[in-house]
Every structure is written in structure tokens, then in C-alpha cells.
Amino acid sequence: MRVKICGMKTLAAARAAEEAGADYVGFIFAKGSKRYIVPAAAREIARELRHVKKVGVFVDAPMDAVNDIAALVGLDYVQLHGHETADMALRAARPVIKAYRYGDDFDAVAANAYPAEIILVDSYVAGAAGGTGTAFGWQEAAREIARVTKPVLIAGGITTENVGEAAEVFHPFGVDVSGGLEEDGEKSEAKIRAFMAAVRACD
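Scoring rules and cut-offs
- Residues numbered from 1 in each chain as written.
- Predicted model: local features only at pLDDT ≥ 70, side-chain atom pairs only at ≥ 80, totals over all residues.
- Heavy atoms only, no water.
- UniProt positions renumbered as here; feature names shortened; annotations may be inferred.
- Buried < 20%, exposed > 50% of the residue type's maximum accessible area, 1.4 Å probe, protein only.
- Helix = DSSP H or I, 4+ residues; strand = E, 2+ residues; numbered from the N terminus.
- Contact = heavy atoms within 4.5 Å.
- Pairing = 2+ DSSP bridges.
- Right-handed = clockwise from strand over helix to strand, strands pointing away.
- Axes fitted to C-alpha atoms, helices over the stretch in contact; angles between N-to-C directions.
- Parallel < 35°, antiparallel > 145°, perpendicular 65-115°, else oblique.
- Left-handed = near helix turned anticlockwise from the far one by under 90°.
- Nonpolar A, V, L, I, M, F, W, Y, C, P; charged D, E, K, R; others polar.
- Core = buried A, V, L, I, M, F, W, Y, C linked by side-chain atoms within 4.5 Å.

An unreviewed UniProt entry annotates the protein chain as N-(5'-phosphoribosyl)anthranilate isomerase of Selenomonas timonae. Quoted straight from UniProt, the Sequence similarities (unreviewed entry) entry for the protein chain says "Belongs to the TrpF family." In its Pathway (unreviewed entry) section, the UniProt entry covering the protein chain states "Amino-acid biosynthesis; L-tryptophan biosynthesis; L-tryptophan from chorismate: step 3/5."

This is the structure we're talking about:
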């Protein structure tokens, strides 16, 4: 099961994620987010990482800006976390991860048709694009999400304590975690290591 640790703001946290075995680290480029990082700072962190894949998270940003930031930072993927159209995704210069909010606009047929390599399913919280730390109704969602034929990342309220349950319910390609690994709003290196140990115990 792959792991994406999102909302990176420091080199120490990103290195801890890479060293603990995370597959992806995410940088938030949506300015309204409390985990927003300026592209130049993300580039400095990204340059120090060796093998973990780097993902930039965008919410309804112009695709020219997405591509410019992807080139500047050296991103491997762009995650479109708003209501970006398929036409917009086709203009992305990097492979696309498309995020849907379960309970808002999620539909397996649409997800399968969308030009993305990976589908991410997050919680729907009115007025929030994501990153709320709230889990959605996993059992009721599992059947619809199982209809997605692309690799699926499960997000929204994932923690060390419930990642085993997420693995059991969804058998996903991977999980996306952010707030569950924070203390006082900052990533905890100890929590990152504990989370990765819990993931290995699932596999």
C-alpha cells in the first residue's frame, strides 16, 4: 500500500517521510490552506530529496500557473483538488492525481473517464477543498469506490490508529495522510515513523 504524506513545509519533515519509506510527499500550493508553502521554499526542500515522488496540490489554479510551479519545484505529479475540467487536466505537463470529495461530486464513472493516473477520494466538508482531517463514511463508500478502475488513494482523517481499517475496507492503491501526523500544526517526525510502521503492519 503506497503512502502519500501531504502538507510538507519543512525539510526535516520531508526527509523523515522519505527515510521512513513514504512513496510521495505533497506540497500545498493553494493559498487559502494553512499548509500553504511558497513554490521557492518547496523547490529548496524538493532538491534535497532523493527518491520520494513530489506532488504539488492545486485548487482551481490556471493550468499555466500549475505547469510553471511544477517546472520550478521539480514536481513528479500535480494533484488537482478543485473542480478542474478534463480539458484542463489534459494541459498538465505532469501526470495528474485528481481529487474528489466523497458525498459532493464523487462518481466512479466520471473518475474512470477523467484523464488522471491516480484518483484520490477525500472527505466532503462544506466550504473546504480538503485537508479537514475528517473521515467520510467508509463502509457506505466502499462499493462505489471499488468501481474505480484506476489506482485510488484514500484521504480524509487517516491516522496511525485507523490506517489498518482503511486498508481492510478499501484495499486501496494507497492512503494520503496529513493532519493525522501533526502536533501543534506541524508535522511530527515521530508520528511519521509510527504511521509508516503501522502501514507496514497492514501489508
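Following the structure, the description resumes.
Enquirer: What is the right way to look at helix α1 (residues 11–20) in this model?
Expert: Count 3.6 residues to each turn of an α-helix, and residues three or four apart come out pointing the same way. Looking only at α1, the buried set comprises A13, A14, A16, A17, E18 and A20. Looking at the buried side of α1, the elements it contacts are β1 (2–5), β2 (24–28), α2 (39–46), β10 (186–187) and α8 (189–202).

Enquirer: What should I look at first to understand the pairing of strand β4 (residues 77–80) in this one?
Expert: The side chains of a regular strand alternate, residue by residue, between the two faces of the sheet. With burial as the criterion, each face of β4 is covered, one bearing Y77 and Q79 and the other bearing V78 and L80. Judged from the four bridges that link them, strand β3 (residues 53–58) and β4 form a sheet pairing that is parallel. For F58, the partnering residue across the bridge sits in β4 and is L80. Regarding topology, helix α3 (residues 63–73) serves as the crossover connection from β3 to the parallel β4, and that connection is right-handed.

Enquirer: Would you mind going over the packing of α1 against α8 with me for this structure?
Expert: For any two helices packed against each other, the geometry is given by the interaxial angle and the distance between the axes. It is the contact of α1 with α8, at a shortest axis distance of 9 Å, that shows an interaxial angle of 20°. In terms of axis orientation, α1 runs roughly parallel to α8. Crossing angle aside, the handedness with which α1 passes α8 is right-handed. Mapping the contact onto sequence places A12, A13, A16, A17 and A20 in α1 and E189, I192, R193, M196 and R200 in α8. Looking at the contact of α1 with α8, its residues break down into seven nonpolar, no polar and three charged.

Enquirer: I keep staring at the nonpolar core and nothing clicks. Help me out?
Expert: Note on soluble globular proteins: their nonpolar side chains tend to be buried together. Ranked by size, the top nonpolar core spans 61 residues in total, and within it I145 and F195 carry the most contacts. Counting residues in each nonpolar core, the second largest holds nine residues, with Y24, V55, Y77 and A155 among its members.

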